[in-house]
Amino acid sequence: MSKTITRRRWLRSAGLTAMGLGLSHGPVSRACAEPAVARPGELWRPPPEGKHINLAGNENPFGPSPAVIRQIVKAAPQSCRYPFREEFVLKELLARREGVPVENIALGNGCDELLSLAAIVALSGERRDLVAAHPTYFQLPDYAEILGASVRWVPHRRDTMQHDLSAMAAAVGAGTGLVYICNPDNPSGTMVAAPQLEAFCREVTPRAPVFIDEVYLELVDDWPSLTQVGLVREGLPVMIGRSFSKMHGLAGHRIGYVVTTATLARQLERRRMSSVNYLGVAAARESMFDADFHAWTIGKIRDAKIRFYALCDELGLAYTPSHGNFVFHYTGIPMEDYQATMKERGFLTGWPHEAVEPYTKWCRVSMGTDREMTQYAVAMREVFAGR
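Since the model is a prediction, treat every value here as computed from it, not as a measurement.

What am I meant to see in the pairing of strand S2 (residues 105-108) here?
For a regular strand, the rule is simple: side chains alternate between the two faces of the sheet. The alternating pattern of S2 places Ile105 and Leu107 and Ala106 and Gly108 on opposite faces, both of which are buried. Relative to strand S8 (residues 256-259), S2 runs antiparallel, the two sharing four bridges. When the sheet's bridge partners are listed, isoleucine 105 is paired in S8 with valine 259.

Structure representation (structure tokens):
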């Protein structure tokens, strides 16, 4: 008999259940790699930084909601299946919510995958330039550079730390394949007013498509009146990126989507790296109807920002009023030093993008739970009091 052991037989011999529990405590077949299968406590041991409070990832610490958690548990027995049918139902729900045909929706593993796919679609031909603000969220510009495209960086307006739309429009040329706008912006937290952004898109889209990253917009009051999805309904080559990672609290489930033209949606989905995950689809579908929890969590994030603004005022630290779930503030300390200082006090923080002047001494802090922010305030007072 062959000593080769199949993956299915190994799973059976290891005693894995569909939920990843009940791992066998005994050794596996000698045909498998030694040593023996790890015990659950060893297998799920957190990484070294797991002991720190993470205020660096812009996650929503209040989600998923209890209703969504129940749905995840309910869906778990079927997670052995691929979610092809289920993700189409999610797309239908999203299309209804956005007021577009289902053909205008593209799903991805978080908005990050869709940002990367947008770079592949728009920057792999003759037009190889991306126009983006500096600084901004890094995923699309980084992937553009991986593809060998060029990034035409346009500095923020110094007075407001917002996208300089006039300068960005001027930067769009014959070689521009895509324009990227993160609104609300990351890391600054600032937001371009909807009428100005709409006018910008109408001016620019005859020359190049525009990707508008709206992953934080759902945290803003009356966000449906601020979205640029109306441009998609008119047929303009605009891609609107959204995610279930922020307001919905599902960052670990990696569910994002784009609202765009049917042609661009097909091009994005044809280049998808893999299917989205079954439990993420189930969680996203349930979360769409959890308006009360959304309102509660948005209120908690808003209250945390208000308290953090007051702390910055107390310590004499400049900051930008934020439309996201984080605050960008001045430290007067080089970011690597500041991150190390806060890590010594038990916190992961800072702005994980490439340091860009004049922001090398600015820190982006994600809003945590009440307890976490209270502890962080103590650490900030230790660092900044008397400076």
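Next, the rest of the story.
Is there a simple way to explain the nonpolar core in this structure?
In summary, soluble globular proteins display a tendency toward joint burial of nonpolar side chains. In this structure, Leu90, Leu94, Met168, Val179, Phe200, Phe244 and Val259 are the most contacted members of the largest nonpolar core, which totals 44 residues. The contacts of leucine 90, once residues within four sequence positions are left out, are Leu107, Ile255, Val281, Ala284, Arg285 and Met288. Listed in part, the 35 residues of the second largest apolar core include Val121, Val151, Cys182 and Ile301.

Is there a simple way to explain the confidence of the model for the protein in this structure?
Low-confidence regions, as indicated by low pLDDT, have predicted coordinates that should not be scrutinised in detail. Per-residue confidence for the protein gives a mean pLDDT of 88; residues scoring 70 or more make up 86%. Low pLDDT, under 50, characterises residues 1-36; the stretch is placed with 35 contacts to residues that sit more than four places away or in other chains.

Looking at this structure, I do not really get the pattern of salt bridges. What am I missing?
In a structure, side chains of opposite charge can pair up when their charged atoms sit close to one another. Inspection of the entire model under this criterion finds 15 salt bridges. In this structure, arginine 202 and glutamate 198 form a salt bridge, with 3.1 Å as the shortest nitrogen-oxygen distance. One end of the pair, arginine 202, and the other, glutamate 198, are both in helix H8 (residues 194-204), four residues apart, so they sit about a helical turn from each other. On the basis of relative accessibility, which here comes to 36%, the residue arginine 202 falls in the partly exposed class. Judged by its relative accessible area of 31%, glutamate 198 is partly exposed. A salt bridge links glutamate 214 to arginine 242, with the nearest nitrogen and oxygen atoms 2.6 Å apart. Pair noted here: glutamate 214 is in the loop between strand S6 (210-213) and helix H9 (229-233) and arginine 242 is in strand S7 (residues 238-243), with a separation of 28 residues, a long-range link. Arginine 242 shares its class with glutamate 214; the two are buried. What emerges from the salt-bridge pattern is a single network uniting Glu87, Lys91, Glu269 and Arg272.

It is not clear to me how the sheet that holds strand S10 (residues 326-330) should be interpreted in this structure. Could you clarify?
By definition, the strands of a sheet pair up through backbone hydrogen bonds, in either a parallel or an antiparallel sense. Spatial strand order, S9-S10-S12: three strands in an open sheet with antiparallel pairing. Edge positions in the open sheet fall to strand S9 (319-320) and strand S12 (362-366), since each of these has one partner strand only. Pairing geometry for S9 and S10, over two bridges, is antiparallel. Its bridge partner lying in S10, tyrosine 319 is registered against histidine 329.

It is not clear to me how helix H14 (residues 370-384) should be interpreted in this structure. Could you clarify?
Residues lying three or four places apart along an α-helix face the same way, a consequence of the helix completing one turn every 3.6 residues. Spanning 15 residues, H14 covers 21 Å between terminal C-alpha atoms, matching the ideal 21 Å at 1.5 Å per step. Burial in H14 covers these residues: Glu372, Met373, Tyr376, Ala377, Ala379, Met380, Val383 and Phe384. Check the buried side of H14 and you find it contacts strand S1 (53-54), helix H12 (291-315), S10, helix H13 (335-344), strand S11 (347-348) and S12.

What should I look at first to understand unusual backbone geometry in this one?
Of note, the bond from glycine 63 into proline 64 is cis; its omega dihedral lies within 30 degrees of zero at 0 degrees. Relative to the helices and strands, proline 64 resides in the loop between S1 and helix H3 (66-75). With omega at 5 degrees, the peptide bond leading from histidine 134 into proline 135 counts as cis. Topologically, proline 135 is positioned in the loop between strand S3 (129-134) and helix H6 (139-146). Notably, aspartate 222 is not glycine yet its phi reads approximately 55 degrees, a positive angle. On the basis of relative accessibility, which here comes to 54%, the residue aspartate 222 falls in the exposed class.

Explanation requested: the side chain of lysine 246 in the structure shown.
Structurally, lysine 246 can be placed in the loop between S7 and S8. Buried within the structure, lysine 246 lacks any salt-bridge partner; its nearest side chain of opposite charge belongs to glutamate 59, at an N-O separation of 7.5 Å. Residues within four places of lysine 246 in sequence aside, it is in contact with Gly57, Asn58, Asn60, Val215, Tyr216 and Asn325.

Would you mind going over the environment of cysteine 111 with me for this structure?
Along the chain, the position of cysteine 111 falls in helix H5 (residues 110-123). Distance from cysteine 111 to serine 245, taken between C-alpha atoms, is 8.7 Å for residues 134 residues apart in sequence. Setting aside residues no more than four positions away along its own chain, cysteine 111 makes contact with Phe211, Asp213, Val215, Gly241, Arg242, Ser243 and Gly256.

Even after reading the chapter, I still don't get the packing of aromatic side chains, so can you show me in this structure?
Aromatic ring pairs are described here by two measures, namely the spacing of the ring centres and the angle between the planes. On inspection of all chains with the given rule, the structure shows 15 aromatic pairs. An angle of 20 degrees between the planes, with centres 6.4 Å apart, marks the rings of phenylalanine 308 and tyrosine 376 as stacked. Of this pair, phenylalanine 308 sits in helix H12 while tyrosine 376 sits in helix H14, and the two are 68 residues apart along the sequence. As far as burial versus exposure is concerned, phenylalanine 308 and tyrosine 376 are alike and both buried. Relative to tyrosine 359, the ring of phenylalanine 328 lies with its centre 6.0 Å away and its plane at 50 degrees, an arrangement referred to as tilted. Of the two residues, phenylalanine 328 sits in strand S10 while tyrosine 359 sits in the loop between S11 and S12, which places them 31 residues apart along the sequence.

Teacher, can you tell me more about the sheet that holds strand S4 (residues 150-155) here?
Read from one edge of the open sheet, seven strands run S2-S8-S7-S6-S5-S3-S4, paired in mixed fashion. Single-partner strands in this sheet number two, and they are S2 and S4. If you compare each strand with its neighbour and ignore which way they point, the axes differ by 25 degrees on average. Bridge analysis of S3 against strand S5 (residues 176-182) gives four bridges, and the strand direction is parallel. Among the inter-strand pairings, alanine 132 is bridged to a residue of S5, identified as tyrosine 180. In the packing of H6 onto the sheet, contacts are made with S3, S4, S5 and S6, and the angle to S4 comes to roughly 150 degrees. Sheet contacts for helix H10 (residues 262-270): S2, S7 and S8; angle to S2, the most-contacted strand, approximately 20 degrees.

Rules behind the numbers
Residues numbered from 1 in each chain as written. Predicted model: local features only at pLDDT ≥ 70, side-chain atom pairs only at ≥ 80, totals over all residues. Heavy atoms only, no water. Buried < 20%, exposed > 50% of the residue type's maximum accessible area, 1.4 Å probe, protein only. Helix = DSSP H or I, 4+ residues; strand = E, 2+ residues; numbered from the N terminus. Pairing = 2+ DSSP bridges. Core = buried A, V, L, I, M, F, W, Y, C linked by side-chain atoms within 4.5 Å. Contact = heavy atoms within 4.5 Å. pLDDT = per-residue confidence, 0-100. Salt bridge = Lys/Arg side-chain N within 4 Å of Asp/Glu carboxyl O. Expected span 1.5 Å × (residues − 1). Lys, Arg positive; Asp, Glu negative; His and termini not counted. Phe/Tyr/Trp six-rings, centres within 6.5 Å; stacked < 30°, edge-to-face > 60°. Axes fitted to C-alpha atoms, helices over the stretch in contact; angles between N-to-C directions.

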